[in-house]
Amino acid sequence: MITLNRKLKKEHTVPSNGLASEPVKRISIRDKLLIKEVQEMNENLPMTCSVHFEDPNVLNEFILTVTPDEGYWVGGKFKFSVFVTEEYNMAPPRVKCLTRLWHPNINVDGDVCLSLLRQTSIDEHGWAPTRRLKDVVWGLNSLFTDLLNFEDPLNIEAAELYNKNKTEFQAKVQEYMTKGKR
Amino acid sequence: MSGEDFDALDRGDNDGQKSDKMFTLKKWNAVAMWSWDVECDTCAICRVQVMDACLRCQGESKKDSYGKQDCVVVWGECNHSFHFCCMSLWVKQNNRCPLCQQEWSIQRMGK
C-alpha cells in the first residue's frame, strides 16, 4: 500500500511542468461546470438580482444587476460584470462593478472587495472550488446588506465618512445614485 | 415485529392448546444496505461521483500520458474525499480541505 501511494504520488507530481497543454483542457472543464452552474444560478436568483448574457452561447461572461430593496442603496441599480476565467473553478470569477457608487467595499474604479472572490485566503471565507456561481451572486447581492463591511474598506474615504457622519454618508450614497441615473 | 405478535407465538407454543396463532414465521429475508465509507460520495470540486473518473479525466477518455486510466480517490485526515486529480490542482494554491478548511493531509488513496 505504501509503495503504491508513493508511486501514485510520484506520477501525479510530474505533470506540473507539462503546463503547455493544460489551458486547452481547462476551457472545457470550465464550460462543463458552467452548464450546470448557470442553470442553478438562474433557479436560485435572489429577488433583487437579475442576470443578462450578452451572448447566450457564452456562459462565462454575464452582467449581474442588483437592485437592493433595503439598506443605504435602496432605489439604486448596480451592474456588475462577471467573467469566469479558464482556470475556473480553481480560480474565482473576475468581477467589476460597472456602476459608479459610494460604497466602502467597492471603489470608484469598480474594484470589488469581497472575500469569496479572493483567490488566496487563509480562512474559510476565500475562494474554494466548492463555491459556485450562485454563491458569487449571493455574495455580491449581500454587499448591500449582510456583507457590507466598514471595518476593512476598499474605499477608505467612504468608511471614514460613515464613521464620522452617517447622514452625510447616506447623502453621498444618494448623490452617486442620482448621478449614475442621469 | 411488535410485542403483541411475540405474545401470540409464545402462547401457542407453551400451552400446547389448539393453535390460536395468527401466523407463523416461515421465512425471514434480511436486506443489507451499503454505501462507501466516506462522508461525501461526490467530489465537491468537479461534482462527479468520486468512484467515477473526474470531469477532467472523463474529457480525456483516452489514457493519459502514463498509460493509465485510473482516476483515484483521495481521503484527507478530515475524512473528506475528492478525486486525486481535482485535489492536487487545488492544494497547489491552498493546502486546505475546501470543505472544512483544515490543513490538508492525505489519509489514504485508492479506489
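In this numbering scheme, every chain counts its residues from 1 along its sequence in written order. Note on labels: chains are lettered from A, ligands numbered from 1, in written order. Predicted model: local features are reported for residues with pLDDT of at least 70 only, side-chain atom pairs are reported and counted for 80 or more only, and whole-chain, interface and lining totals are derived from all residues. Side-chain metrics in this entry use all non-hydrogen atoms of the structure; hydrogen atoms and water are not considered.

1. With respect to the environment of Asp109 of chain A
All names here are of chain A. Put simply, DSSP H or I for four residues or longer makes a helix, DSSP E for two residues or longer makes a strand, and each gets a number counted from the N terminus. Tracing the backbone through its elements, the reader meets Asp109 in the loop between strand S4 (94–97) and helix H3 (133–142). Burial classes: relative accessible area under 20% of the type maximum marks a residue as buried, over 50% as exposed, and values in between as partly exposed (1.4 Å probe, protein chains only). On the basis of relative accessible area, Asp109 is assigned to the exposed category, the value being 57%. When the C-alpha positions of Asp109 and Lys172 are compared, they lie 17 Å apart, and in sequence the two are 63 residues distant.

2. A look at the pattern of salt bridges
All names here are of chain A. Take a side-chain nitrogen of Lys or Arg and a carboxyl oxygen of Asp or Glu: if they are within 4 Å of each other, that pair is a salt bridge. With the rule as written, the count across this model stands at 5 salt bridges over all chains. Between Arg132 and Glu40 there is a salt bridge whose closest N-O contact spans 3.1 Å. Taken as a pair, Arg132 in the loop between S4 and H3 and Glu40 in helix H2 (residues 22–43) lie far apart in primary sequence, 92 residues in all. Owing to a relative accessible area of 19%, Glu40 belongs among the buried residues under this scheme. Within this structure, Glu40, Arg132 and Lys134 form a network of salt bridges that share partners.

3. Brief notes about the pairing of strand S3 (residues 78–83) of chain A
Residues and elements named next belong to chain A. By the alternation rule, side chains of S3 split into Phe78, Phe80 and Val82, which are all buried, and Lys79, Ser81 and Phe83, of which none is buried. By definition, two strands form a pair when at least two bridges between them are found by DSSP. Note: strand S2 (residues 61–66) against S3, 6 bridges, orientation antiparallel. Each bridged residue has a counterpart across the sheet, and for Val66 the counterpart in S3 is Phe78. Both S3 and S4 contribute to a ladder of 4 bridges, which runs antiparallel. Its bridge partner being in S4, Phe83 is matched across the sheet by Arg94.

4. Brief notes about the sheet that holds strand S1 (residues 49–52) of chain A
The pairing of strands in a sheet comes from backbone hydrogen bonds and takes either a parallel or an antiparallel form. Residue and element names in this part refer to chain A. One open sheet holds the 4 strands; their spatial order is S1-S2-S3-S4, and the pairing between them is antiparallel. The sheet is open, and its two borders are formed by S1 and S4, each paired with just one other strand. Between one strand axis and the next, the sheet turns by 25° as a mean value, whatever way the strands run. Axis definition: a line fitted to C-alpha atoms, limited for helices to the stretch in contact. Angles are taken between N-to-C directions and run from 0 to 180 degrees.

5. Considering the sheet that holds strand S1 (residues 73–76) of chain B
Residues and elements named next belong to chain B. Strand order in the open sheet made by the 3 strands is S2-S1-S3, with antiparallel pairing throughout. The two strands at the open ends of the sheet, each matched to only one other strand, are strand S2 (81–83) and strand S3 (106–110). Direction aside, neighbouring strands of the sheet carry axes that sit 25° apart on average. Note: S1 against S3, 4 bridges, orientation antiparallel. Counted as the bridge partner of Val74 is Met109 from S3.

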